[in-house]
Amino acid sequence: MENEEDNIFWVKIDGEKRLATLNLVPGNQVYKEKLVKIKDEEFRAWDPYRSKLGSAIMNNLSALPIVRKSRVLYLGVSTGTTASHVSDIVGPSGIVFAVEHTSRVAREFLDRVASYRSNIVAHSSRCKKSQRVFFSLWNCRCCLR
């Protein structure tokens, strides 16, 4: 196991070196990705064919400003494949503000990802009430530190 950056790792899975994140919700899979336990920690394989960010990291992305305790605004979260790994990276002290404009996809994201991860604040851009809550949270002094 090699630590690439903060919560991004290279782990051996089935004899192959794979990109992975430390699973914030042990035992939980988001998109049927492989889970591997090393010592007392569980890692989730990050499929670069399902995530542009994962692909960029595998292809030697020079700088990733997302680290532990980051606050990330993720627009167009879709079903949450990449957002779930971003959630792992920022950890329990970080926040991912996730916005999706398509109602059906937003419901799937809520059911499969956001409902299991306490560091994700999910909002559908079609809901006026959630937009008010979202912008209130975003402008909150505690969120801007």
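As the structure is a prediction and not an experimental result, all values here were calculated from the model. (Residues numbered from 1 in each chain as written. Predicted model: local features only at pLDDT ≥ 70, side-chain atom pairs only at ≥ 80, totals over all residues. Heavy atoms only, no water.)

1. Comments concerning helix 3 (residues 103–114)
Piece 1. In this model helix 3 runs just 15 Å from its N-terminal to its C-terminal C-alpha over 12 residues, more than 12% under the 16 Å that 1.5 Å per residue would give.
Piece 2. For helix 3, the complete set of buried residues consists of Val105, Ala106, Phe109, Val113 and Ala114. Here the buried residues of helix 3 occupy an arc of 100 degrees about the axis, which is enough to place them on one side. Helix 3 presents Arg104, Arg107 and Asp111 as exposed residues on the side facing more than 90 degrees away from its buried surface.
Piece 3. Residues of helix 3 that are buried make contact with helix 2 (81–90), strand 7 (95–100) and strand 8 (120–124). (Helix = DSSP H or I, 4+ residues; strand = E, 2+ residues; numbered from the N terminus. Expected span 1.5 Å × (residues − 1). Buried < 20%, exposed > 50% of the residue type's maximum accessible area, 1.4 Å probe, protein only. Arc of directions from axis to C-beta. Contact = heavy atoms within 4.5 Å.)

2. Examining helix 2
Piece 1. For helix 2, a buried count of 10 out of 10 residues is recorded, marking the element as mostly surrounded by other parts of the structure.
Piece 2. Among all positions of helix 2, only Thr81, Thr82, Ala83, Ser84, His85, Val86, Ser87, Asp88, Ile89 and Val90 are buried.
Piece 3. Residue Gly91 follows helix 2 closely and has a positive phi angle near 75 degrees.

3. Quick word on the environment of Ser87
Piece 1. Inspection of the secondary structure puts Ser87 in helix 2.
Piece 2. For Ser87, a relative accessible area of 0% gives the class buried.
Piece 3. Sequence separation of Ser87 and Ser70 is 17 residues, and the distance between their C-alpha atoms is 9.6 Å.
Piece 4. Within the structure, the side chain of Ser87 is placed 2.6 Å from the side chain of Asn119, a separation counted as a polar contact. (Polar contact = N/O pair within 3.5 Å; in protein donor to acceptor, adjacent residues only side chain to side chain.)

4. Considerations on the packing of aromatic side chains
Piece 1. Scanning the entire structure with this criterion turns up one aromatic pair.
Piece 2. On the basis of an interplanar angle of 75 degrees and a centroid distance of 5.0 Å, the ring pair of Phe9 and Phe43 is categorised as edge-to-face. Separated by 34 residues along the polypeptide, Phe9 in strand 2 (residues 8–13) and Phe43 in strand 5 (residues 41–45) bring together distant segments of the chain. The two residues Phe9 and Phe43 agree in class, both being buried.
Piece 3. Positioned above the aromatic ring of Trp10, the side-chain terminus of Lys17 is 5.4 Å from the ring centre. (Phe/Tyr/Trp six-rings, centres within 6.5 Å; stacked < 30°, edge-to-face > 60°. Lys NZ or Arg CZ within 6 Å of the ring centre and 35° of its normal.)

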